[in-house]
Amino acid sequence: MEVSSQYAAWSVRSLFNQRLGRWFFCLVAIAFTLSIPVITIALSVLEPFSDTWRHLASTVLSSYITHSLLLMLGVAIGTFTLGVSCAWFTCMYDFPGRKVLEWALLLPMAMPAYIIAYAYTGALDFAGPIQTAIRDTFNVDYGDYWFPEIRSLGGAVVMFSLVLYPYVYLIVRAAFMSQSHAILEVSRSLGNGPWRTFYAVALPAARPAIVAGMTLALMETLADYGTVQYFGVSTFTTGIFRTWFGLGDLTAAAQLSSFLLFFVVLLIVIERISRKKMQFHHLGQKRSYQRPTLTGSARWLCFTVCVLPLLFGFILPAIQLFLWVLETWQTSFDAAFFTLVQHSISLAAVAAILCVLLAVIVCFSARLAGNNRIALFFLRVSTLGYAVPGTVIAVGVLIPLAALDNGIDSWLRSNTTFVAGLLFSGTLFAVIVAYIVRFLSVSVQSIEAGFSQIHTSIDDSARTLGRKPLGVLLKVHLPMLKTSLIAAGLLVFVDVMKELPTTLILRPFNFNTLAVRAYELASDERLADAATPAIAIVLTGLIPVFLLFRTMRGASKSH
Amino acid sequence: MIKPRSMTAFLMASVWLASLASSFSVQAQTNNVSALSGEVNVYSARKEALIKPLLDDFTAQTGVKVNLVTGKGDALLTRLTSEGKNTPADVLITTDVGRLERAKAAGVLQAVNNQDLNQSIPATYRDEAGFWYGLSLRSRVIVFNPKKVQKNQLSTYADLADPKWKRQICIRSSSNIYNQSLVSSMIAHDGLAQTEAWINGLVANFARPPRGGDRDQIKAVAAGQCNIAVVNSYYLGAMLNSSNAKEQAAAKKVTLFWPNQGESERGTHMNISGAGITQYAKNKDSALALVQFLSNDKAQQWYGEQNNEYPVRNNITPSQTLKAWGDFKADSLPVDKLAKYNTDAVKAMDRAGWK
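Residues numbered from 1 in each chain as written. Chains lettered and ligands numbered in written order. Predicted model: local features only at pLDDT ≥ 70, side-chain atom pairs only at ≥ 80, totals over all residues.

## A closer look at the overall build of chain A
When helices and strands are counted, chain A shows 24 helices and 0 strands. In terms of overall size, chain A behaves like a compact globule, its C-alpha atoms giving a radius of gyration of 25 Å where 559 residues would be expected to give roughly 24 Å. The proportion of buried residues among the 559 residues of chain A is 53%. Look at the contacts in chain A between residues 6 or more apart in sequence, and 85% of them connect residues 24 or more apart. (Helix = DSSP H or I, 4+ residues; strand = E, 2+ residues; numbered from the N terminus. Rg over C-alpha atoms; globule rule 2.2 N^0.38 Å. Buried ≥ 20, exposed ≤ 12 C-beta atoms within 10 Å, placed from the backbone. Contact = placed C-beta atoms within 7 Å.)

Written out as structure tokens, the structure is:
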């Protein structure tokens, strides 16, 4: 009793502590604002469960759950294996092609899952060139030979793993790079082999990074609609759309979404538990690390392991897209096309900058509060939107914003002669709010991982030397966080470039983006015509990847 | 020192201003010219490529500027509903009757009941009270591989449930609206029990689990994975006219069959794409002019030439591709019945395990 009342007194005091209070207020305000769309959806649980629910529960609900779980399991294994192995090899060893692979391994990030799915289906489907060639060469027919079915749950796992592993690779590599190599050297000098050093020392120390990367990958998987829909895999998202569009029951669809939210919360809890009470920072002086040059079969093994994800995650699908573009570029490459590029890039840039700013504020506020439970709770709440399908977010943004607009309008009408109409909804403001709700998590994951590498003793020293919290943030933390900040911004940028459903629903009149154009063509089953905007998304996605690489390189040189 | 609170406020304000500024030019125009009806705002579920050229023509002819947002029918409807009386939209265009009926039920459309439209568009393809009007027709047909199947073996949709077609039929997911409306039409004609038995038979005849779109089903028939597929005819038309040689070749390997053509049968299942004028349209006159424009001779012909859809009016010369497919009897079921049974259809397909 006494302990808990002391705890309560302490947290109340810390809440009202002047300096802490301001930051804490920011955190709560941001978390509250950004969670309005999610809350709008979650509140649907309180509404009466309609007949639709009984129907879903007795027919398809169990397959939604199993498929979603299997998909997540598969993608978890896939992204872990690809991401961590590539990060470790490129970080620790020198082998042929390492310098190129180091950055080239990020390329699949620019490839949206739905686009890689189109490319592979075009090539590997029953009616595609490869299987047709097999049938013609060996003179066999349908059912006479075995060929993996690309449009299946397994196929979806492979597609997601190929484009999402860079999240793990990027974050884990940064962790490996900043791990004090002294620890690894100590491990080696204590007689541990490279394998043991890897799994007994480096891997546990990189755990927050690994979990952060995988959490991002899994949330993207959960929120995906385009790929699973195209592959005919019935997951939660396809179920939500089916309930909304087919059964015409938006409430039941929102209720399904809140069950999806439950999965997200579960993921977050798992992440929290996995890094519970562990402190990860490195005090040692970072010294330049001389990578041992591999010889013999080891170097070819390393090369192969690192080149395969690149080949299948980027090069081959890019070739397929390029072939399609050659077929259709005359018709799809016009002046309007550049407007699309401009729209996509400016939306992505604005969203990226805002997400980074907000992420810094929430992460720093939580840190000031000593990362106590309440602060972390609000931090998590502000990032819930990431795993919610874009369409659901869009509805969650649309309903409250339109209500606000209509409220303002009718107040103005009754009190003034001014007619406001719709101020927010139907403008880019709504689109950007939705992006922030959806992608803040991406920037928070990266920046939080960055913060966790800075020991709190540094804050204390700075405070002792008379810096106010903001001063600590601006003068001490931000310079140390440079890599994380840029990584965070770029991840958001790429995500927004690829984003589709939210943009589709919320955008203003006469406003299109590359993703919208690609989707319209692809959903009309004109894959070849969709290739030009698709490849433009991929190419624009490459710009941040190159910048990202330059910072990675800069960071590794500065040590 | 900048306080974090004011920083946040500043940020939010600047985004808001930026977005307002960008949308303001459009809004300012809307407000100025709306008195002259110089503008009309359209929410369209028809994709940009399949509506924009017509809208441009309309602007060229009338001087009325058309602002366009495209999207999925239900998403646009949700947007329309939550924007309420302040919605900027004057016209809602959808690609199936179900969404038009939902919009009508949600109270976001108004009954126009325009005499010209009532005369030019057959009653089967418009709302009785004039809440919405059909613009083009989409027929759901059977395609088959002539090397494996004889034309005289085919007859009706109902026949596709016959065990003789075991492992021979390709059809896309039951999430697709055109499958839903086909099943709705079966329920409307034959009742739920009989339709449910039919779905079970059909699912048992699937050559593979449903995946991909209608073009994929056609390609699967061409490649020999299945002998029969159920698709919307305009996809076949698009493939036949495709610039992609492989698509064209695949389309040429299959033959189109009009189901339910027998003396006593009801005809091939049709869905519509259509338009309604919103309840709170600010530019009602221009909106009405646009809907009339979209149903005039030239536009009716355009749907056929650009997308191989059939006109809702019967005095229109069909495109080359449509001519080649010949005449057929269309189901005369009023299309609003399709909307009525949509939920029953989806549930029945769920129960039968049609993915």
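Next, the rest of the story.
## Comments concerning the interface of chain B and chain A
Note on interface size: it is often stated as the accessible area lost on association of the parts. Each side of the interface is counted separately: chain B has 58 residues, and chain A has 57 residues. Those elements giving two or more residues to the side of chain B that touches chain A turn out to be α1 (4-33), β2 (65-70), α3 (73-83), α8 (214-223) and α15 (342-352) of chain B. With 11 residues, α1 of chain B is the single largest residue contributor to the side of chain B that touches chain A. By residue class, the composition of the side of chain B that touches chain A is 20 nonpolar, 22 polar and 16 charged. (Nonpolar A, V, L, I, M, F, W, Y, C, P; charged D, E, K, R; others polar.)

## A look at the pairing of β2 of chain B
Residues and elements named next belong to chain B. Most of β2 sits out of view: 5 of its 6 residues are buried. As judged from the 6 bridges shared by strand β1 (residues 39-44) and β2, these two strands associate in the parallel manner. Counterpart to Val40 in the pairing with β2 is Val66. Chirality of the crossover, the property in question, places the unit of β1, helix α2 (residues 52-62) and β2 among those that are right-handed. (Pairing = 2+ DSSP bridges. Right-handed = clockwise from strand over helix to strand, strands pointing away.)

## Concerning the nonpolar core
Counting 295 residues, the largest nonpolar core has Ala351 and Ile436 of chain A together with Val143 and Ile218 of chain B as its most contacted members. Each residue touching Val143 of chain B, except ones within four places of it in the same chain, is listed here: Ile218, Val221, Ala229, Val231, Leu236, Val254, Thr255, Leu256 and Phe257 of chain B. (Core = buried A, V, L, I, M, F, W, Y, C linked by C-beta atoms within 7 Å.)

## Overview of the packing of helix α6 (residues 113-124) of chain A against helix α8 (residues 153-178) of chain A
Residue and element names in this part refer to chain A. Contact geometry for α6 and α8: axes closest at 9 Å, N-to-C directions at 130°. As far as their axial angle goes, α8 and α6 are oblique. Note on packing geometry: the crossing formed by α6 with α8 is right-handed. Only Met159, Phe160, Leu162 and Val163 of α8 make contact with α6, whose side of the interface consists of Ala113, Ile116, Ala117 and Tyr120. Across the contact of α6 with α8, the residue classes tally to 8 nonpolar, no polar and no charged. (Axes fitted to C-alpha atoms, helices over the stretch in contact; angles between N-to-C directions. Parallel < 35°, antiparallel > 145°, perpendicular 65-115°, else oblique. Left-handed = near helix turned anticlockwise from the far one by under 90°.)

## Quick word on α3 of chain B
Residue and element names in this part refer to chain B. Among the 11 residues in α3, 9 count as buried, and that is most of the element. For α3, every residue scored as buried is listed here: Gly73, Asp74, Ala75, Leu76, Leu77, Thr78, Arg79, Leu80 and Glu83. Note on α3: the residue one or two positions beyond its end, Gly84, has a positive phi of about 60°.

## What to know about the confidence of the model for chain A
Summary statistics for chain A give a mean pLDDT of 83 and a share of 91% for residues scoring 70 or more. When the elements of chain A are averaged for pLDDT, helix α1 (residues 2-16) of chain A gives the smallest value, 51, and helix α4 (residues 61-92) of chain A the largest, 93. (pLDDT = per-residue confidence, 0-100.)

## Re the pairing of strand β4 (residues 133-144) of chain B
All names here are of chain B. In terms of burial, β4 is largely enclosed, as 12 of its 12 residues are buried. Pairing of β4 with strand β8 (residues 270-277) involves 6 bridges; the strand directions are antiparallel. Bridge pairing in β8 places Leu137 opposite Ile272. As paired elements, β4 and strand β9 (residues 310-311) share 2 bridges and run antiparallel to each other. The residue bridging Leu137 from the neighbouring strand is Tyr310, located in β9. Sheet topology places β4 next to strand β6 (residues 228-232); 5 bridges connect them, and they run antiparallel. Note that in β6 the partner of Val143 across the bridge is Ala229. Bridging between β4 and strand β7 (residues 255-257) involves 3 bridges; their strand directions are antiparallel. Along β7, the bridge assignment pairs Ile142 with Phe257.

## Notes on the environment of Gly267 of chain B
All names here are of chain B. Relative to the assigned elements, Gly267 resides in the loop between β7 and β8. Taking the C-alpha atoms as reference, Gly267 lies 8.9 Å from Thr156; in sequence the two are 111 residues apart. When sequence neighbours within four positions are dropped, the list of residues in contact with Gly267 reads Asn260, Lys329, Ala330, Asp331 and Ser332.

## Here we look at the packing of α8 of chain A against helix α15 (residues 296-332) of chain A
The angle between the axes and the distance between the axes are what describe a pair of packed helices. Residues and elements named next belong to chain A. At their nearest, the axes of α8 and α15 sit 9 Å apart, and the two run at 115° to each other. Classified by chirality, the crossing of α15 by α8 is left-handed. For the pair formed by α8 and α15, the contact residues are Leu162, Val163 and Tyr165 on the first element and Pro309, Phe312 and Gly313 on the second.

## Considering the confidence of the model for chain B
Residues and elements named next belong to chain B. With 90% of its residues at a pLDDT of at least 70, chain B reaches an overall mean of 88. When the elements of chain B are averaged for pLDDT, α1 gives the smallest value, 47, and β6 the largest, 97. Taken as a whole, residues 19-36 scores under 50 in pLDDT and shows 20 contacts with residues more than four places along the chain or in a different chain. We note a pTM of 0.80 for the whole complex and an ipTM of 0.74 for its interfaces.

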